[in-house]
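# Structure at a glance
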Amino acid sequence: MNYNNLDALIADNENFTEKPLDNSKNDMGRTQLTGTDWFKFNSKTVAYIITDGDGRIYLSDSTSYNRYSVLNVNQSDMAAWNTWRQEGAIGGIYKFVRVRWDGYSYYSKTSDECHLTFDVILMSNNRIYLYISDWPSDYNTGTCSLIWASSTGSSVTYTPTADGDKFTFIPADDNGTSWTVESGFNEPEYPDIRYLFRNSAGRIYSLKSGSPEVLTETALTAELFKTYGVDNLPAYSAYSSLGDLSILRWCEKDIGLSNEAIQTGQPAYMDVDTGDIDINYNVNRIWVDADSGLKFQVSFNGGTAYHKYADGAWSDATSDIADGNTAQEIHDIPMSEWQKMITDSKVRFRCRLTNTDQYLRYIQIGNQQDYEDVYGENCPY
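Residues numbered from 1 in each chain as written. Predicted model: local features only at pLDDT ≥ 70, side-chain atom pairs only at ≥ 80, totals over all residues. Heavy atoms only, no water.

## Brief notes about the overall build of the protein chain
When you go through the protein chain residue by residue, the secondary structure sums to five helices and 28 strands. Counting every atom, the protein chain has about 18,100 Å² of accessible surface; 41% of that belongs to carbon and sulfur. Separation between the mean location of the 30 positive side-chain charges and that of the 53 negative ones in the protein chain comes to 3 Å. (Helix = DSSP H or I, 4+ residues; strand = E, 2+ residues; numbered from the N terminus. Areas by Shrake-Rupley, 256 points an atom, 1.4 Å probe, with all protein chains shown as cover. Lys, Arg positive; Asp, Glu negative; His and termini not counted. Charge placed at Lys NZ, Arg CZ, Asp CG, Glu CD.)

The structure is reproduced here in structure tokens:
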């Protein structure tokens, strides 16, 4: 998912895709998360991020941890209850990995006075960002430091005092061999990014008041994107009526770049949600024309919960949108299973496109009798 800036990222707590510790107390143990293949700390690629219950965030090139490669946040005898991970893009061009630690500043307490929540964000501009969402008013004198080596002078300290405090750790070089810290988010200047849409007939569309609006222009220019382009991709339902389409993306990579700089394509990934589809008849079969690599999750209650179907039964799908059913598997679900679940006359689907070769053309919901009327005894369904 792409965010315009760090403030937009930290305001979104709905898109964490990995939750190895989820509402479960971790006092003494450690939680391992996937790191990156692009961020370096003390000349080593941070392939793993390892957290513990005491507020240590280890930045490691292996599954082991090193006490001289760690970010301490109120490090003391604490307990974590949630450790979540998210990755995506900032400003359309900078990659990030975000880790959220949520728990309490004393291991045996769960009072509001001890509640501690913070985000550690590694960004591909080689900086580390720390956001203190909730700072405890009690047991708040633990160690707050970034350590990158065992030698004297190889650490910096910082001092959180309140909810909402922000810090930026800045490396001396791209290898992260020495660091400084400053208060606030010191962000790069993000390029202007705009999106337009083009249907299979070649018409170009923007969005006005949340609905597609056809443009009279046919030539793609920077000025067209600046005038009519939207700066954030909305939910798929906002432009699904265009049918088979291309998402056009323009990025002013460098400030002051010539107006000839035009890019087309899709962002790193795109989550597609159909919104609720009203059903006023018994569903006998669902056809999906989509890339075989796409996985679909299904909701029957307006998106509150999503499900997948396997081994003759429905089960809750995880927050990982890739955890679902293929188009063929959706097609093979028996009509009795659809009719059992669709009790509120609506159904919705979601999936994630991860590259420009993947596609979703349509989802067709119908009554098997309709197709038997067309095909007769040769009905393929």
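Next comes the rest of the account.
## Considering the nonpolar core
Of all hydrophobic cores here, the largest spans 36 residues; its most connected members are Y239 and W338. Those elements giving two or more residues to this core turn out to be β17 (193-199), β18 (204-208), β20 (245-251), β21 (270-273), β23 (285-290), α3 (327-332), β27 (346-353) and β28 (360-366). Looking at this core, the element that brings in the most residues is β27, giving four residues. W338 has contacts with V283, I286, V298, F300, W314, I330, I333 and F349, leaving out every residue within four places of it along the chain. Counting residues in hydrophobic clusters, the runner-up holds 31 residues, among them V73, A80, W101 and F118. (Core = buried A, V, L, I, M, F, W, Y, C linked by side-chain atoms within 4.5 Å. Buried < 20%, exposed > 50% of the residue type's maximum accessible area, 1.4 Å probe, protein only. Contact = heavy atoms within 4.5 Å.)

## Remarks on the packing of aromatic side chains
Inspection of the entire model under this criterion finds 20 aromatic pairs. Summarising the aromatic geometry, the rings of Y158 and F167 are spaced 5.0 Å apart at their centres and angled 55° between planes, so their arrangement reads as tilted. Note on accessibility: Y158 and F167 belong to one class, buried. Pairing Y158 with F169 gives two aromatic rings, centres 5.6 Å apart and planes at 85°, and the pair type is edge-to-face. Residue Y158 is found in the loop between β14 (155-157) and β15 (166-171), and its partner F169 is found in strand β15; the two are separated by eleven residues along the sequence. The same class applies to Y158 and to F169, which are both buried. Taken together through their ring pairs, the aromatic side chains of F300, Y309, W314, W338 and F349 make up a single cluster. The ring of Y359 is capped by R361, whose NZ or CZ atom sits 4.2 Å from the centre of that ring. (Phe/Tyr/Trp six-rings, centres within 6.5 Å; stacked < 30°, edge-to-face > 60°. Lys NZ or Arg CZ within 6 Å of the ring centre and 35° of its normal.)

## Brief notes about the pattern of salt bridges
Using the criterion set out here, one finds 15 salt bridges in the structure. Between D7 and K166 there is a salt bridge, with its nearest N and O atoms 2.7 Å apart. Taken together, the residues span a long stretch of sequence, with D7 in helix α1 (residues 6-10) and K166 in strand β15 at a distance of 159 residues. Since its relative accessible area comes to 37%, D7 is described here as partly exposed. The residue E337 makes a salt bridge to K340 at a minimum N-O spacing of 3.0 Å. One end of the pair, E337, and the other, K340, are both in helix α4 (residues 335-341), three residues apart, so they sit about a helical turn from each other. Its relative accessible area of 11% is what places E337 among the buried residues. Its relative accessible area of 48% is what places K340 among the partly exposed residues. When salt bridges that share partners are traced, they join D273, D276, D344, K346 and R348 into one network. (Salt bridge = Lys/Arg side-chain N within 4 Å of Asp/Glu carboxyl O.)

## A few points about the pairing of strand β13 (residues 143-147)
Counted residue by residue, β13 has four buried out of five residues, so it is predominantly covered. In terms of strand pairing, strand β8 (residues 70-75) meets β13 through four bridges, oriented antiparallel. Bridging from a neighbouring strand, L71 pairs with L146 of β13. As paired elements, β13 and β14 share three bridges and run antiparallel to each other. If you follow S145 over to β14, its bridge partner there is T157. (Pairing = 2+ DSSP bridges.)

## Description of the pairing of β15
Across the six residues of β15, five count as buried, placing the element largely inside the fold. Taken together, the four bridges between strand β12 (residues 127-134) and β15 define a ladder with antiparallel strand orientation. Directly across from L130, in β15, lies its bridge partner F167. Relative to strand β16 (residues 179-183), β15 runs antiparallel, the two being bridged by five bridges. Looking at β16, one finds that F167 is bridged to S183.

## So, the sheet that holds β8
Judged by pairing direction, the sheet is antiparallel, and its six strands sit side by side in the order β3-β6-β7-β8-β13-β14 without closing on themselves. In the strand order of this sheet, the two ends are held by β3 (30-34) and β14, each with one partner. Recorded for the sheet is a direction-independent mean angle of 15° between the axes of neighbouring strands. As defined by bridge partners, β3 adjoins strand β6 (residues 48-52) across five bridges and the pair is classed as antiparallel. Of the residues in β6, the one forming a bridge with Q32 is I50. (Axes fitted to C-alpha atoms, helices over the stretch in contact; angles between N-to-C directions.)

## Some remarks on the environment of L215
Its location among the elements puts L215 in the loop between β19 (211-214) and α2 (222-228). C-alpha separation for the pair L215 and Y205, spaced ten residues apart in sequence, amounts to 5.5 Å. The residues contacting L215, other than those within four sequence positions of it, are L196, I204, Y205, S206, L224 and Y228.

## So, the confidence of the model for the protein chain
The pLDDT averaged across the protein chain works out to 86; a share of 91% of its residues lies at or above 70. Scored below 50 in pLDDT, residues 254-268 makes 32 contacts in the model with residues more than four places away or belonging to other chains. (pLDDT = per-residue confidence, 0-100.)

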